[in-house]
Amino acid sequence: MKSIFSTFDLKDPKTSRPIDLLGSMHILFDEATKKQKTLWEKMYVDQWFTIRPPQLGLTVESIMASYGIRVRAALIGNDSDTPLRTSRGFETWKGEIPRFGHKFKTTAKVLRDLMQVYENNHINPEAKIREIENVIFGEYKDAYLGCKDSVDEVILKALSGGGVALFDPAIDNPEGREYLMDFDMPVTNKRMAAVEWSEANVNNATIDVLGEIQKIIYDYKHLGVEFDSMLMSPKIKYWIIRNIGIRQAVLGIDRGTRIVTNDELDTLMRSMGVPPIVEINRRTAYQKDGVPEVFNPWNDDVIAFLPRTADGKIGEVQPSIGDDVLIPDPNVDYTDAGDGIRIAKWRQGESTGQQAAEFTQATWQAVPVPTVIRAIVNYKVRNIGVPYPSGETVPLG
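Only a predicted model underlies this, so the values are computations on that prediction, with no experimental measurement involved. (Residues numbered from 1 in each chain as written. Predicted model: local features only at pLDDT ≥ 70, side-chain atom pairs only at ≥ 80, totals over all residues. Heavy atoms only, no water.)

Undergrad: With reference to specific residues and values, describe unusual backbone geometry.
TA: In this structure, Asp184 takes a positive phi of about 65° despite not being glycine. In this fold, Asp184 is placed in the loop between strand 6 (179-182) and strand 7 (190-192). Residue Asp184 is classed as partly exposed on the basis of its relative accessible area of 43%. Its identity is not glycine, yet Asp339 carries a phi of approximately 60°, on the positive side. Assignment of secondary structure puts Asp339 in the loop between strand 14 (333-336) and strand 15 (342-348). Under the relative-accessibility criterion, Asp339 is labelled partly exposed at 37%. (Helix = DSSP H or I, 4+ residues; strand = E, 2+ residues; numbered from the N terminus. Buried < 20%, exposed > 50% of the residue type's maximum accessible area, 1.4 Å probe, protein only.)

Undergrad: An account of the pairing of strand 12 (residues 302-307) is requested, with residue identities and associated values reported.
TA: For strand 12, a buried count of 6 out of 6 residues is recorded, marking the element as mostly surrounded by other parts of the structure. Side-chain alternation along strand 12 places Val302, Ala304 and Leu306 on one buried face and Ile303, Phe305 and Pro307 on a second face that is also buried. The pairing of strand 8 (residues 227-232) with strand 12 spans 4 bridges and is antiparallel. Directly across from Phe227, in strand 12, lies its bridge partner Pro307. Judged from the 4 bridges that link them, strand 12 and strand 17 (residues 377-380) form a sheet pairing that is antiparallel. In the sheet register, Phe305 faces strand 17, and the bridge partner there is Val377. (Pairing = 2+ DSSP bridges.)

Undergrad: Residues and numbers for the packing of helix 7 (residues 244-251) against helix 8 (residues 262-271), please.
TA: Interhelical geometry of helix 7 versus helix 8 gives an angle of 85° and a closest axis separation of 10 Å. Here helix 7 lies roughly perpendicular to helix 8, going by the angle between them. Across the interface between the two elements, Ile246, Ala249, Val250 and Leu251 from helix 7 touch Glu264, Leu265 and Leu268 from helix 8. Among the residues forming the contact of helix 7 with helix 8, the class breakdown is 6 nonpolar, no polar and 1 charged. (Axes fitted to C-alpha atoms, helices over the stretch in contact; angles between N-to-C directions. Parallel < 35°, antiparallel > 145°, perpendicular 65-115°, else oblique. Contact = heavy atoms within 4.5 Å. Nonpolar A, V, L, I, M, F, W, Y, C, P; charged D, E, K, R; others polar.)

Undergrad: An account of the packing of aromatic side chains is requested, with residue identities and associated values reported.
TA: Throughout the structure, instances matching the rule amount to 8 aromatic pairs. Residues Trp197 and Tyr379 carry aromatic rings whose centres are separated by 6.1 Å and whose planes lie at 85° to one another, so their mutual orientation is edge-to-face. Taken together, the positions of Trp197 in the loop between strand 7 and helix 5 (209-221) and Tyr379 in strand 17 put the pair 182 residues apart, joining distant regions of the chain. The residues Trp197 and Tyr379 share a single accessibility class, namely buried. On the basis of an interplanar angle of 15° and a centroid distance of 5.5 Å, the ring pair of Trp346 and Phe359 is categorised as stacked. Here Phe359 lies in strand 16 (residues 357-369) and Trp346 lies in strand 15, a separation of 13 residues in the sequence. Neither Trp346 nor Phe359 differs from the other in exposure class; each is buried. Feature note: the residues Trp197, Trp239 and Tyr379 constitute an aromatic cluster, connected by ring pairs. Sitting over the ring of Phe359, Lys103 keeps its end group 5.4 Å from the ring centre. One Lys or Arg, Lys157, reaches over the ring of Phe167 and ends 3.9 Å from the middle of that ring. (Phe/Tyr/Trp six-rings, centres within 6.5 Å; stacked < 30°, edge-to-face > 60°. Lys NZ or Arg CZ within 6 Å of the ring centre and 35° of its normal.)

Undergrad: Requested: an account of the nonpolar core, with residues and values cited.
TA: One finds Phe29, Trp48, Tyr144, Leu159, Met181, Phe183 and Leu231 to be the most contacted residues of the largest nonpolar core, which totals 51 residues. Secondary-structure elements contributing two or more residues to this core are helix 1 (21-34), helix 2 (44-48), strand 2 (59-64), helix 4 (125-160), strand 5 (164-167), strand 6, strand 12 and strand 16. When residues in this core are grouped by element, the largest group, 12 residues, is from helix 4. Excluding its chain neighbours within four sequence positions, the residues that come into contact with Phe183 are Met64, Trp93, Val154, Ala158, Gly163, Pro368, Val369, Pro370 and Ile373. (Core = buried A, V, L, I, M, F, W, Y, C linked by side-chain atoms within 4.5 Å.)

Set out below in structure tokens:
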């Protein structure tokens, strides 16, 4: 059965005109799509990725960016043939488009409480309307952002996991299936420190933090890659500002007794031609046995170097048209939330032999593809005895 809010008798206290709650949500998403506006909060998928229009098929093919030194023209004789150059060409990444989804249940008790609020003549009419709108607003917001959380998780896992993102029912996806996305990061881009950046080594003067970082920067400059930023966990950054080599570089050998400030570190990094640090402290949550479990999708042992691009984007998201677009259920109210995200609302009751309740469901069939993966470098500085998910690494040297 369609959502109870599709027939909810709600009137504007000022004009007495009926309020279409579901229609208001349609307008919200439509306006955001037209203005290319990010709703509620900006995530990594919004910052780093371009979202393509939804396609019909469930397989994606994305063109992966090529990197290398440009070949100059030869100095040739006036009557000589022009030398032939080999085109750089391109490669594609092909994979399945997975489906992300979840739903929320509003029980009859909550709806009863909502009706009591609406019928209570002692409560300000405008406050009553706001409270009911907040219920709808909150359901849509949590359902919508939860889908984007999942795509953000793919991105962070891949950027810090050697180009690999794994969803495992035994670890972090107990309500779903096992799914592996390998975006083919080159083996040479999976670097490993020789000495661990651990707490035991924070005063180890043999660790040259700037030297190690600069070696990676110059190695890739020779290949035509310029880095725009370094992504790392707050734990690694905190270790860097306390590292003896960094303290002495900023404060001097005789005065390097305190930790370095953020401004001092930034100044030092800029002076050495090192890209700025971006701290990654993103948490998602999965549900197990009805209980939310906080999860860190970023590998805190890894520093990820992102390449500079013309528009600041490092990849694209390819959504697919959902089954409910092709075969919509006439007993369900749908909202197109943009970029292929669909929100459905319906109710169940005695006619289906079930307990009365209202459901809000969001689904997104989409995959983010980091198309510049060949220019993304992972540098593992902790737990260096543990390989990347692909099992292939190379030492810094």
